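Coordinate analysis (summary)
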Amino acid sequence: MNRTAIITGAGSPRGIGQGIAHALAAQGWNIAVLDIDEVSAKAVADAVAEAHGVSAVGAVCDVTDKAAVDAAVSTVESSLPEIGALVNNAGITSPVPFVEVSDEEWDRVFEVNVRGSYLMTKRVVDGMVSRGFGRIVNLSSVSAERGGGVFGGVAYSAAKAGLLGFSRALARELGPSGVTVNSVAPGLIDTDITAGKLDPERKAAMIADIPTRRAGQVSDVADVIAFLCRPESSYLTGVTYDINGGSHIH
Ligand code: NAD
């Protein structure tokens, strides 16, 4: 395939983003790994290129910074084939209860999860529309659907619910252009996003309540996103895929 997929926040060594990068590269996509952490972005890009024989570039990018987004996407455009897919994976969570959350924390959660996805999408969408092909996938969360209760609090749940509205309205608008826009809503996935703050007893109790009796793995999410990015998935747009082991069935 002579197309490139951009994955934001894909530097985290045990994160969902690097799993998406590997899954898409296995399908032949060239890969751009963007992350606020430049060293880890480049490390993942190198590992992906080595494992799958595709072209891959890692670049620093704070997705909340419009100039940084523009610069990083320009780097991708000048060094890799045309951009065919964008996965807005960069995200932060916050377990702080609503009564305790500061204005700064609230804003930061929205900045990374919502504004970051907006800025990235805005920067790449013109090219996708003019070429008549695009796959955009946004990382929502089961917290958006069930009202928190996993790890993230009100700010996280509200921001991730915002992404569902963003995806659905954009899917409708871009439908005629060959650009699909979809969301995934993972449940508990075994990564480092909780930064050691999810205590083992609570985690065990959560797993006991999941019908499949295990936490999700990065590959559970990455496989669905790779499926949504296939050219053959052109009739899937505006959908939300739940990836939660049955913990929230609706
Ligand atoms: P992670 O913390 O392992 O990785 C997140 C990555 O985003 C990190 O590499 C970090 O450096 C990067 N990042 C943070 N702020 C950034 C910014 N401003 N600009 C660019 N990059 C930035 O998290 P993860 O568990 O792999 O989560 C990936 C996505 O999946 C997130 O959007 C998260 O909300 C979502 N999600 C995760 C779970 C879960 O249980 N792990 C569940 C539902 C949804």
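Report on the accompanying structure. Bear in mind that the values here come from a model prediction, so they are computed numbers and not experimental data. (Residues numbered from 1 in each chain as written. Predicted model: local features only at pLDDT ≥ 70, side-chain atom pairs only at ≥ 80, totals over all residues. Heavy atoms only, no water.)

1. Description of the packing of helix H1 (residues 16-26) against helix H2 (residues 38-52)
Angle between the axes and distance between the axes: these two values describe a pair of packed helices. One can describe the packing of H1 onto H2 by two numbers: an axis separation of 10 Å at closest approach and a directional angle of 30°. Classified by the angle their axes make, H1 and H2 are roughly parallel. Like other packed secondary-structure pairs, H1 and H2 cross with a definite hand, here right-handed. Together, Gln-18, Ala-21, His-22, Ala-25 and Ala-26 of H1 and Val-44, Ala-47, Val-48, Ala-51 and His-52 of H2 make up the contact between the two elements. Looking at the contact of H1 with H2 residue by residue, the class counts come to seven nonpolar, three polar and no charged. (Axes fitted to C-alpha atoms, helices over the stretch in contact; angles between N-to-C directions. Helix = DSSP H or I, 4+ residues; strand = E, 2+ residues; numbered from the N terminus. Parallel < 35°, antiparallel > 145°, perpendicular 65-115°, else oblique. Left-handed = near helix turned anticlockwise from the far one by under 90°. Contact = heavy atoms within 4.5 Å. Nonpolar A, V, L, I, M, F, W, Y, C, P; charged D, E, K, R; others polar.)

2. Focus on the side chain of Asp-35
Looking at the element boundaries, Asp-35 is found in strand S2 (residues 30-35). Of note is the side chain of Asp-35, whose polar atom sits 3.0 Å from the backbone nitrogen of Asp-37. If near-sequence neighbours (up to four positions away) are discounted, Asp-35 is found in contact with Gly-9, Ala-10, Gly-11, Ser-12, Ser-40, Ala-41, Ala-59, Val-60 and Cys-61. (Polar contact = N/O pair within 3.5 Å; in protein donor to acceptor, adjacent residues only side chain to side chain.)

3. What to know about the site of the ligand
Lining the immediate surroundings of the ligand are 26 residues, of which Ser-12, Ile-16, Asp-35, Tyr-156 and Thr-191 lie closest. In this structure, an oxygen atom belonging to the ligand sits 2.6 Å away from a side-chain N or O atom of Asp-35. Residue Tyr-156 places a side-chain N or O atom 2.6 Å away from an oxygen atom belonging to the ligand. Isolated, the ligand exposes 830 Å² of accessible area, and the fraction of that covered by the protein chains is 90%. Sorting the residues of the shell around the ligand by element identifies helix H4 (103-131) and helix H6 (154-174) as the ones contributing at least two each. In the shell around the ligand, the residues fall into 13 nonpolar, nine polar and four charged. (Near = heavy atom within 4 Å. Areas by Shrake-Rupley, 256 points an atom, 1.4 Å probe, with all protein chains shown as cover.)

4. Overview of the nonpolar core
Here is a general trend for soluble globular proteins: nonpolar side chains tend to be buried in one another's company. Of all hydrophobic cores here, the largest spans 34 residues; its most connected members are Ile-20, Leu-24, Ile-31, Val-184 and Ile-225. Secondary structure elements with two or more residues in this core: strand S1 (4-8), H1, S2, H2, strand S4 (83-88), strand S5 (134-139) and helix H8 (218-229). It is H8 that contributes the most residues to this core, eight residues altogether. Ignoring any residue separated from it by four or fewer positions in sequence, one finds Ile-225 in contact with Ile-20, Val-87, Val-137, Leu-139 and Val-184. Counting 27 residues, the second largest nonpolar core, distinct from the first, contains Ile-6, Ala-72, Leu-80 and Leu-170. (Core = buried A, V, L, I, M, F, W, Y, C linked by side-chain atoms within 4.5 Å. Buried < 20%, exposed > 50% of the residue type's maximum accessible area, 1.4 Å probe, protein only.)

5. Structural notes on the sheet that holds S5
Here seven strands make up an open sheet; going across it, the order is S3-S2-S1-S4-S5-S6-S7 and the pairing parallel. Each edge of the sheet is formed by a strand with only one pairing partner; in this case those strands are strand S3 (56-60) and strand S7 (240-243). The average undirected angle you get between the axes of adjacent strands in this sheet is 20°. Alignment of strand S6 (residues 179-186) against S7, held across four bridges, turns out to be parallel. (Pairing = 2+ DSSP bridges.)

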